[in-house]
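Chains, contacts and geometry: an overview
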Amino acid sequence: MAKVFIDGEAGTTGLGIRQRIEALPEALGIELLSIDASLRKDLSARQEMIQKADVAILCLPDDAAREVVTQMSGTDTKILDASTVHRVAEGWTYGFPEMEGDQSNLIRSSARVANPGCYPTGAISLLRPLVKAGMLSSDYPVSINAVSGYSGAGKSAIESHEKEGGPAFFLYALGLEHKHLPEIQYYSGLDKSPLFVPSVGHFAQGMIVSIPLYLSELSGKVTPADVQAALEQTYKGSEYVKVMSPETKLLAETLAGTNNMELRVHSDSKGEKVLLTASLDNLGKGASGAALQNLLLMLGH
Ligand SMILES: NC(=O)C1=CN([C@@H]2O[C@H](COP(=O)(O)OP(=O)(O)OC[C@H]3O[C@@H](n4cnc5c(N)ncnc54)[C@H](OP(=O)(O)O)[C@@H]3O)[C@@H](O)[C@H]2O)C=CC1
Ligand SMILES: CC(=O)N[C@@H](CCC(=O)OP(=O)(O)O)C(=O)O
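Under an unreviewed UniProt entry, the name given to the chain is N-acetyl-gamma-glutamyl-phosphate reductase, and the source organism is Swingsia samuiensis. UniProt annotates the chain under Function (unreviewed entry) with the comment "Catalyzes the NADPH-dependent reduction of N-acetyl-5-glutamyl phosphate to yield N-acetyl-L-glutamate 5-semialdehyde." Annotation of the chain in UniProt includes, under Sequence similarities (unreviewed entry), the sentence "Belongs to the NAGSA dehydrogenase family. Type 2 subfamily."

What follows covers the sheet that holds strand E11 (residues 241-243). The seven strands are arranged E8-E9-E7-E10-E13-E12-E11 in an open sheet whose pairing can be described as mixed. Sheet topology places strand E8 (169-171) and E11 at the edges, where each strand pairs with a single neighbour. Recorded for the sheet is a direction-independent mean angle of 20° between the axes of neighbouring strands. Both strand E7 (residues 143-149) and strand E9 (residues 195-201) contribute to a ladder of seven bridges, which runs parallel. Its bridge partner being in E9, Ser 148 is matched across the sheet by Val 200. Relative to the sheet, helix H5 (residues 118-132) contacts E7, E9, strand E10 (207-214), E11, strand E12 (261-267) and strand E13 (273-280), its axis offset from that of E10 by approximately 35°.

Turning next to the site of ligand 2. What surrounds ligand 2 is the set Thr 84, Gly 117, Cys 118, Ser 148, Gly 152, Ala 153, His 180, Pro 198, Val 200, Gly 286 and Ala 287. The set of elements that each furnish at least two residues to the shell around ligand 2 consists of E9 and helix H9 (284-298). Residue composition of the shell around ligand 2, grouped by class: five nonpolar, six polar and no charged.

Glancing now at the site of ligand 1. In the region of ligand 1, 27 residues are neighbours, and Gly 11, Thr 13, Ser 83, Gly 154 and Ala 287 sit closest. Those elements that provide at least two residues to the shell around ligand 1 are helix H1 (12-22), helix H3 (62-70) and H9. When the residues that make up the shell around ligand 1 are grouped by side-chain class, the tally is eleven nonpolar, twelve polar and four charged. When residues of the shell around ligand 1 are assigned to domains, at least three fall in each of domain 1 (2-116 + 287-298) and domain 2 (118-282).

Procedures and definitions
- Residues numbered from 1 in each chain as written.
- Chains lettered and ligands numbered in written order.
- Predicted model: local features only at pLDDT ≥ 70, side-chain atom pairs only at ≥ 80, totals over all residues.
- UniProt positions renumbered as here; feature names shortened; annotations may be inferred.
- Pairing = 2+ DSSP bridges.
- Helix = DSSP H or I, 4+ residues; strand = E, 2+ residues; numbered from the N terminus.
- Axes fitted to C-alpha atoms, helices over the stretch in contact; angles between N-to-C directions.
- Contact = placed C-beta atoms within 7 Å.
- Near = placed C-beta within 6 Å.
- Nonpolar A, V, L, I, M, F, W, Y, C, P; charged D, E, K, R; others polar.
- Domains from an automatic or database assignment.

Laid out in structure tokens, this is it:
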């Protein structure tokens, strides 16, 4: 049996991972180690659990994740960190298996894997293939708009939406320095940090990430069909990432409860501009679903 410990198992992401592990067939042979609830914030008790595990998944606030990793020494336990702390850190593998041909193998052989942020999963999946194909110059001034279900903001936000009923919709991170920008810029291959405006709607789960582009500003004579083809080529055969036909209306909640992500290229009739969109469940492919994919790879499945 492979032993897995979820540090922060009572939180939104931790609980989502636990439920997904519990739903796996027994044949996968995963045993979940659980800490006594009264000790869940006791560093030495948590370290003991981490030592006993083959893989420890950190579902903690950033400072607590940083602390537990800093204090770690001489352990063979593999770490999958769901926090923001190690996503662009040296020695850590980015846990987005579909990002690159050999990314799954890198995750499989890594002892330290960082689970991607929800918005970056959508943004990188759209931008990176275009930069790699030479269509989107690395110095393009990229703008990203996104809307998330309120569950992305953790336990206390969920409580306030579910008990107090709102707010209906709001923009945030208006200082234009959202914590996801470093990973979006780095893994998309951009020179400039994008202009990123996230928002939250009064629905629990779901997300749309949208990126508008002027085709006249891309390199060469690029058509919407070329953009679509570059995405299709990148995600050909992928189980969870699908390139779809454009829609006239896109709903944020369609993929709630799944680990799927759908990418689309919308364009005007003259073919002068495109709107790239990624739809996903912020708690699925944007969090716990992706963590389960990474866990299975780290356990050699
Ligand atoms: N894409 C991804 O992989 C995603 C990752 N995250 C990351 O996951 C982490 C948790 O977020 P989320 O689940 O939304 O947050 P929650 O607030 O829902 O859960 C956090 C959990 O950590 C516990 N906790 C807090 N401080 C400590 C500590 N010092 N030691 C041990 N446990 C502690 C909390 O305990 P208590 O029950 O007492 O509050 C709670 O159970 C964050 O780092 C966030 O960035 C979040 C969303 C998506
Ligand atoms: C709606 C909402 O508040 N979302 C969170 C991000 C959730 C997520 O995926 O991010 P991490 O894994 O990086 O925490 C935010 O914007 O901070």
